[in-house]
Amino acid sequence: MAVTLEQAQRVGYTCLKALLRFAFMVANNLVAIPSYVLYLIMLQPLRMLDSKSFWYIEGVLFKWLLAMVASWGWWAGYTVVEWGDDVKAVSEDEAMVLVNHQATGDVCTLMMCLQDKGTVVRQMMWLMDHIFKYTNFGIVSLIHGDFFIRQGRAHRDQQLVLLKEHLEKYYRSRNRKWIVLFPEGGFLRKRRETSQAFAKKNNLPFLKHVTLPRLGATQVILKTLVAPQENGTPAGGDAVIKESKSKGLQWVIDTTIAYPKGEPIDIQTWILGYRQPTVTHVHYRIFPVKDVPAEPEALTHWLYQRFIEKEDLLTHFYETGAFPPPQGQTKAISREMTLSNLWLVGIQSLAFLSGGMWYCIFQYFYHCLF
């Protein structure tokens, strides 16, 4: 089949655009990440004198870095429509966010759609696969205090102990509010067959759009971060928490990401922008943590139910193009998430100006010394 001139031009334009976007992303990383690290090195005296202010500034820089990643997708036409509960209402409370996992683009999507949720992004902690430690963003996540978890049965028990220690050491000392994890423990395409075999063996529902979640990290987070007498039972009666102390984890936010036609966006697409503009849909459902059981068997059942609900949500979405309305309502309401182009340009400009400033400083000292 002969290629027409119009098709050739379209392919050429797509390739050129991808090349330019890749060059911009590389330049963006080369100025933004070293600047983040150098600013925090310069602020180490503040960390010793006023740790709270130091981590506040770090959180602002961290949010800006995530906004840069969001801008790569936003300017390619990859936008988000949100459904379900309004999570802005709990943005100042501590919450655990449970997310289904289809591709690397899930993380980018969350980086985008949480930008307008108050202080959430600068005060959040991520649980991610240890392989991300060795990416360009690894040093940022290490400094911020995210937790890198190794997958596999051989590492499971040790990783849960390390997670508990990490939460106790960093979560409250750095004033974290939200913690994000992917309980499935891997991408859908990699875990689906194993999950379905496990479900068949244990007489559990057959799932196509999600996999059965793993309990370990969720249980550790609840045990470590939930205030006494809050998890599994109402915090009433003698359960008084001093105002000067953290109220503990208050909410579980069940988050479901859906891509049109079930075709997820990966990080390469997010960076290169060769896919046509796409609207990703994100559904939220908020649960008070007091309604989440603490006992392992009951918690396992509760967690399985959340992913069975995700399966139903995604089935409905793929059939109709929309999420179903909440129970007792006749119409589902969606909200288009927006970002300010002016704000994104301002952050990008600051990153490149910072990179230029640090370059000039190093050049000056180099000439002074040599």
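Under an unreviewed UniProt entry, the protein has the name Acyl-CoA:lysophosphatidylglycerol acyltransferase 1 and belongs to Nipponia nippon. In the Sequence similarities (unreviewed entry) part of its UniProt record, the protein is described as follows: "Belongs to the 1-acyl-sn-glycerol-3-phosphate acyltransferase family."

Enquirer: Residues and numbers for the overall build of the protein, please.
Expert: Each helix and strand counted, the protein has 11 helices and eight strands in total. In terms of overall dimensions, the protein is globule-like: its C-alpha atoms have a radius of gyration of 22 Å, near the 21 Å expected for 370 residues. Projecting the C-alpha coordinates of the protein onto the three principal axes gives extents of approximately 70 × 65 × 45 Å. With 370 residues in all, the protein has 47% of them scored as buried. Across the protein, every contact between residues at least 6 apart in sequence was considered, and the portion connecting residues at least 24 apart equals 79%. Summed over all atoms, the accessible surface of the protein reaches about 19,300 Å², with 61% contributed by carbon and sulfur. The positive charge centre, built from 39 side chains, and the negative charge centre, built from 32, are 4 Å apart in the protein.

Enquirer: Can you break down the UniProt feature "transmembrane region" (unreviewed entry) in the protein residue by residue, with the values?
Expert: Taking the UniProt record as the reference, the feature "transmembrane region" (unreviewed entry) is found at residues 20-42, 54-75 and 342-366. As annotated, residues 20-42 has a helix share of 100% and a strand share of 0%, and its two end C-alpha atoms lie 33 Å apart. For residues 342-366, the end-to-end C-alpha separation is 36 Å, with 100% helix and 0% strand making up the annotated structure.

Enquirer: Residues and numbers for the packing of aromatic side chains, please.
Expert: Overall, the coordinates contain nine aromatic pairs when judged by the stated rule. Arranged with centres 5.3 Å apart and planes meeting at 70°, the rings of Y39 and W358 form a pair that is edge-to-face. You can see Y39 sitting in helix α1 (residues 5-42) and its partner W358 sitting in helix α11 (residues 341-369), a full 319 residues away along the chain. Considering the side-chain rings of W83 and F323, the 5.9 Å spacing of their centres and the 80° angle between planes classify their relative orientation as edge-to-face. Remark: F323 occurs in the loop between α10 (296-320) and β8 (334-336) and W83 occurs in strand β1 (residues 78-84); sequence separation between them is 240 residues.

Enquirer: Got a sec to walk through the environment of T14? Specific residues and values, please.
Expert: Here T14 is to be found in helix α1. In this structure T14 comes out as partly exposed when scored by relative accessible area, which is 25%.

Enquirer: Could you give an account of the pattern of salt bridges, with specific residues and numbers?
Expert: Opposite charge on two side chains makes pairing possible when the charged atoms of those side chains draw close. Evaluated as defined, the whole model comprises 10 salt bridges. The partner of E168 in a salt bridge is K164, with the nearest N and O atoms 2.4 Å apart. Pair noted here: E168 and K164 are both in helix α6 (residues 156-171), with a separation of four residues, about one helical turn. Of the charged contacts, one joins E309 and R285 as a salt bridge, the two residues approaching to 2.7 Å between their closest N and O atoms. Of this pair, E309 sits in helix α10 while R285 sits in strand β7 (residues 278-288); the two residues are 24 residues apart in sequence, bridging distant segments of the chain. Connected through shared salt-bridge partners, E82, K88, D116 and K117 make up one network.

Enquirer: Now, about the sheet that holds strand β4 (residues 147-149): what can you tell me, with residues and values included?
Expert: By definition, the strands of a sheet pair up through backbone hydrogen bonds, in either a parallel or an antiparallel sense. Strand order across the open sheet formed by eight strands is β4-β3-β5-β2-β6-β7-β1-β8, with mixed pairing between neighbours. Strand pairing shows two members of the sheet lacking a second neighbour, β4 and β8, which therefore form its edges. Within the sheet, the average angular offset between the axes of one strand and its neighbour, ignoring direction, is 25°. Here α6 sits on the sheet and contacts β2 (94-99), β3 (124-129), β4, β5 (178-181) and β6 (249-258); the angle it forms with β4, its principal contact strand, is near 175°.

Enquirer: Quick rundown of the UniProt feature "domain: Phospholipid/glycerol acyltransferase" (unreviewed entry) in the protein? Include the residues and the values.
Expert: Per the UniProt record, "domain: Phospholipid/glycerol acyltransferase" (unreviewed entry) is found at residues 95-219. The span residues 95-219 carries 40% helix and 14% strand; its end-to-end C-alpha distance comes to 14 Å.

Enquirer: Any details on the nonpolar core? Residues and values, ideally.
Expert: If you look at the biggest cluster of nonpolar residues, it comprises 58 residues, and the most contacted ones within it are W126, W178 and I253. Looking at this core, the element that brings in the most residues is helix α3 (residues 51-74), giving 12 residues. One finds L167, Y171, F287 and I308 within the second-largest nonpolar core, a separate group that totals 41 residues.

Enquirer: Which residues make up the pairing of β7, and what are the values?
Expert: Taken across its 11 residues, β7 has eight buried, putting it largely inside the fold. Here seven bridges tie β1 to β7, and the two strands are oriented parallel to one another. Residue pairing for β7: V80 is matched across the bridge by T280. Relative to β7, β6 runs antiparallel, the two sharing eight bridges. The partner of I257 across the bridge, within β7, is V282.

Enquirer: Describe in detail the side chain of R306, supporting the description with residues and values.
Expert: By the secondary structure assignment, R306 is in helix α10. Owing to a relative accessible area of 7%, R306 belongs among the buried residues under this scheme. A distance of 2.6 Å separates a polar atom in the side chain of R306 from a polar atom in the side chain of E309. Residues in contact with R306, not counting those within four places in the same chain, are D254, R285 and F287.

What counts, and at which threshold
Residues numbered from 1 in each chain as written. Predicted model: local features only at pLDDT ≥ 70, side-chain atom pairs only at ≥ 80, totals over all residues. Heavy atoms only, no water. UniProt positions renumbered as here; feature names shortened; annotations may be inferred. Helix = DSSP H or I, 4+ residues; strand = E, 2+ residues; numbered from the N terminus. Rg over C-alpha atoms; globule rule 2.2 N^0.38 Å. Buried < 20%, exposed > 50% of the residue type's maximum accessible area, 1.4 Å probe, protein only. Contact = heavy atoms within 4.5 Å. Areas by Shrake-Rupley, 256 points an atom, 1.4 Å probe, with all protein chains shown as cover. Lys, Arg positive; Asp, Glu negative; His and termini not counted. Charge placed at Lys NZ, Arg CZ, Asp CG, Glu CD. Phe/Tyr/Trp six-rings, centres within 6.5 Å; stacked < 30°, edge-to-face > 60°. Salt bridge = Lys/Arg side-chain N within 4 Å of Asp/Glu carboxyl O. Pairing = 2+ DSSP bridges. Axes fitted to C-alpha atoms, helices over the stretch in contact; angles between N-to-C directions. Core = buried A, V, L, I, M, F, W, Y, C linked by side-chain atoms within 4.5 Å. Polar contact = N/O pair within 3.5 Å; in protein donor to acceptor, adjacent residues only side chain to side chain.

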